[in-house]
Amino acid sequence: MTGALRSYVDGVWRDGVRTVVRTDPAHPSTVVAEVSLADAVLASAAVLAARKAFASWRATPAPARGEILRRAADLMEHQVENIGRDLTREEGKTIGEAIGETRRAVAILRYYAGQTLEPDGETYPSATPDFLLYTKREALGVVVAITPWNFPIAIPAWKIAPALAYGNAVVWKPAELVPLTAVHFVQALIEAGLPEGVLNLVLGSSADVGNVLVTHPDVDAITFTGSNAVGRAVQRAAIPLGKKVQLELGGKNPAVVLADADLDHAAEQVARGAFLSAGQKCTATSRVIVERSAVAGLSERLAERARSWKVGDPLAPDTIVGPLVSDERLKSVLSYIEVAKADGGRLVAGGGRLDGEGHFVRPTIFTDVPAASRASREEIFGPVALVVPAESGAEALAIANDTPFGLVASLFTRDLGRALAFARDMRAGVVKINQETAGLELQLPFGGTKDSSSGSREQGKAAREFFTEWKTIYLGPPG
Ligand code: NAD
C-alpha cells in the first residue's frame, strides 16, 4: 500500500485533516503506515452516508447480502498471508497468530453469509379466525462499531458481518493503532460489491471522532469492544439518547487447577492462555488458582514454559511471544509487575522487558501476590500470570469468583462431577473445562457477565439478538 491510509465514506476514500504515522511494535523506529486522520465533520458525513444507504440495503434480499459477504470471504482468503503480515507489523502478534486470526475473519464472513438463508421470523396461531400472525427480525438502521486493537480483524468481522447480513448500514471506527488491517477488511467488502455507504470506515482519533459517533442522532446502535472505562463512558453518553448499546469489556480470567488434573496438559494450556499474543487478550488467563498439593508441580511446569518460549520478532516462525502493541502498553504492564513485587509477590519467572528495541516483556509468573493487590484485581493485559494456592475446590471457586469481571474461566480436572459443579457455579460468560481460557469457536455465543459486558452476546446466532429487533405483524382478511 502506498500513500497515507484514508477513511472510506459514502463509497469514496477521503482525506482527513492531519497525518500521523504508525510504527512496528517490534521495531519502533520502523514506520508501518501513514494515516490521514478524520475529524468530526468526516465522521458525521460517514453516519449520514450510512443513513442514506440503509433503505436500499435493508430492502436488498438477505441472500443477496449474504452473497456479498461470501465473495468478500473468498477475496480475503486469497490474501490471508499478506493481511496477516500487515497485521503482525502493526499489532505485533506472531505471524502464525495473525494469519490464524485472518482465517477466522474469513470463516466469520462465511458463517454470517450462511445466516442470511436462515428463518428470520415465526408464525403464531391467532385467536381471531383467518388472521395470520407472524414476526420478523428487522435491521436496526445505522450501527456504529467501535473496535479494539488486540484482534484487529476478527472482532470487526464478528461485529460487521452480522450487522451487514441482517441489513444494517455500518460506520466502523477501528482502534487507532491498527488502520492497515482495517483498510484490508474494508477493501475486501468493496471488491465484493458492497454498495456505497453501506460500510463506512472512520480512521480518526477517539478524541476527535468518538463523541460524534456515539451521540449522532442518526445512529441507532453502538457495538463496542474495549476497556471498561471507555465502554462505560460510551454507554453513559448513548443510552440517554435512546440508542441500543452493546459492550464487550475486560477480564481477569481464572484458570483453576485441581489436584487430580493432568498437570502437563494444564500447564501447557495455562501457559498458552497467559502468554500467547503476549497476554493481550480479553480472554487471557491472569489468575492460576491451584489446589495446594499441585502448586509446586504446576508452577514448575509453567515456569519451564515461561523461560523456554521464544520471545522476539513476531515475523520469525519460531517465535511464540511477540511484543506488546505500544510503548504505553509496555509501561502499563511493567508498572503492574512493579505493583506485584511491591505488594509482596514472589517472582517465579520473567519479571521484566527484553533488552534492546521493541515492546517485549518476558512471560512472567508470580506467587504470593495478595488478593487485594491491584495486580490481583485489575486487568494487566500482558504476559503475566499470578499463581494462587487454594485449600480446596470450594475455596478455588470462591477465589475465582472474587473479581468484578466475569468473562471466561477454565477448570482442569479429571472429575466430571467437579467439572459440572464448576460450570454451574462459576460466574462467567464462558466456562471451559480442560482447555485454556482463550480461544473461541465462532458458532457459539460469546460475552461476559458482571463487569465484563453489558449483558448481550456476540458471535453465533446470538449476534442476531443485538443487530435486529422484532416486528410483529397481524394480517387479517379485508372484510
Ligand atoms: P480502548 O477502550 O482503549 O479502545 C477501544 C476502542 O474505543 C478504540 O477503537 C478506541 O479508539 C475507542 N475509543 C476510545 N475512547 C473513545 C471515546 N471516548 N468514544 C468512542 N470511542 C472511543 O480499548 P483497547 O485498548 O483498544 O482494547 C483493550 C481492551 O479491550 C481490554 O480491556 C480488553 O479486555 C478489551 N477487549 C474485550 C473483548 C471482549 O470481547 N470482551 C475483546 C477484546 C478486547
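Residues numbered from 1 in each chain as written. Predicted model: local features only at pLDDT ≥ 70, side-chain atom pairs only at ≥ 80, totals over all residues. Heavy atoms only, no water.

## Considering helix 10 (residues 295–308)
Logical step 1: In this model, helix 10 (14 residues) spans 20 Å end to end at C-alpha, consistent with the 20 Å of a helix rising 1.5 Å per residue.
Logical step 2: Structurally, helix 10 contributes buried residues whose contacts are with strand 12 (253–257), helix 9 (263–275), strand 13 (285–291), strand 14 (346–349), strand 15 (364–367) and strand 16 (384–390). (Helix = DSSP H or I, 4+ residues; strand = E, 2+ residues; numbered from the N terminus. Expected span 1.5 Å × (residues − 1). Contact = heavy atoms within 4.5 Å.)

## Notes on the nonpolar core
Logical step 1: By size, the foremost hydrophobic cluster in this structure holds 65 residues, and its most contacted members are Leu69, Met76, Tyr112, Leu164, Trp172 and Phe185.
Logical step 2: Take this core: its biggest share by element is nine residues, from helix 5 (residues 154–165).
Logical step 3: No fewer than three residues from each of domain 1 (7–249 + 453–475) and domain 2 (253–433) sit in this core.
Logical step 4: Apart from residues lying up to four places away in sequence, leucine 69 is in contact with Leu109, Tyr112, Ala113, Ala161, Leu164, Ala165 and Leu189.
Logical step 5: Listed in part, the 45 residues of the second largest apolar core include Ala26, Ala261, Ala266 and Ala385. (Core = buried A, V, L, I, M, F, W, Y, C linked by side-chain atoms within 4.5 Å. Buried < 20%, exposed > 50% of the residue type's maximum accessible area, 1.4 Å probe, protein only. Domains from an automatic or database assignment.)

## Here's the deal with the domain arrangement of the chain
How big an interface is tends to be stated in terms of accessible area lost as the parts join.
Logical step 1: Per the domain assignment, the segments making up the chain are domain 1 (7–249 + 453–475) and domain 2 (253–433).
Logical step 2: Distance from the C-alpha centre of domain 1 to the C-alpha centre of domain 2: 31 Å.
Logical step 3: Taken together, the contacts link 22 residues of domain 1 with 25 residues of domain 2.
Logical step 4: Note on domain 1 versus domain 2: buried area summed over both sides is about 1,800 Å², and carbon and sulfur give 62% of it.
Logical step 5: Linking domain 1 to domain 2 there are zero salt bridges.
Logical step 6: On the surface where domain 1 and domain 2 come into contact, there are five residue pairs in polar contact (both at pLDDT 80 or more).
Logical step 7: Sorting the residues of the side of domain 1 that touches domain 2 by element identifies strand 4 (27–37), helix 3 (80–91) and helix 4 (95–115) as the ones contributing at least two each. (Buried area = accessible area lost by both parts, 1.4 Å probe. Salt bridge = Lys/Arg side-chain N within 4 Å of Asp/Glu carboxyl O. Polar contact = N/O pair within 3.5 Å; in protein donor to acceptor, adjacent residues only side chain to side chain.)

## Some thoughts on the environment of glycine 393
Logical step 1: By the secondary structure assignment, glycine 393 is in helix 13 (residues 393–401).
Logical step 2: Spatially, the C-alpha atoms of glycine 393 and glutamate 248 are 29 Å apart, while their sequence positions differ by 145 residues.
Logical step 3: Ignoring anything within four residues of it in the chain, the contact list for glycine 393 reads Leu258, Glu291 and Arg418.

## A few points about the site of the ligand
Logical step 1: The immediate surroundings of the ligand are formed by 25 residues, with Thr147, Glu176, Ser227, Leu249 and Glu379 found nearest.
Logical step 2: Residue glutamate 176 places a side-chain N or O atom 2.7 Å away from an oxygen atom belonging to the ligand.
Logical step 3: Surface burial for the ligand is 86%, taken as the share of its 850 Å² of free accessible area covered by protein chains.
Logical step 4: More than half of the atoms of the ligand fall within 2 Å of the grid points belonging to the largest pocket.
Logical step 5: Breaking the shell around the ligand down by element, the ones donating at least two residues are helix 7 (206–215) and strand 10 (221–225).
Logical step 6: Its residues assigned to classes, the shell around the ligand shows 13 nonpolar, eight polar and four charged.
Logical step 7: Each of domain 1 (7–249 + 453–475) and domain 2 (253–433) accounts for three or more of the residues forming the shell around the ligand. (Near = heavy atom within 4 Å. Areas by Shrake-Rupley, 256 points an atom, 1.4 Å probe, with all protein chains shown as cover. 1 Å grid on protein atoms, 1.4 Å probe; cavity = no way out; pocket = protein on both sides within 12 Å on 5 of 7 lines; lining within 4 Å. Sits in = over half its atoms within 2 Å of the grid points. Nonpolar A, V, L, I, M, F, W, Y, C, P; charged D, E, K, R; others polar.)

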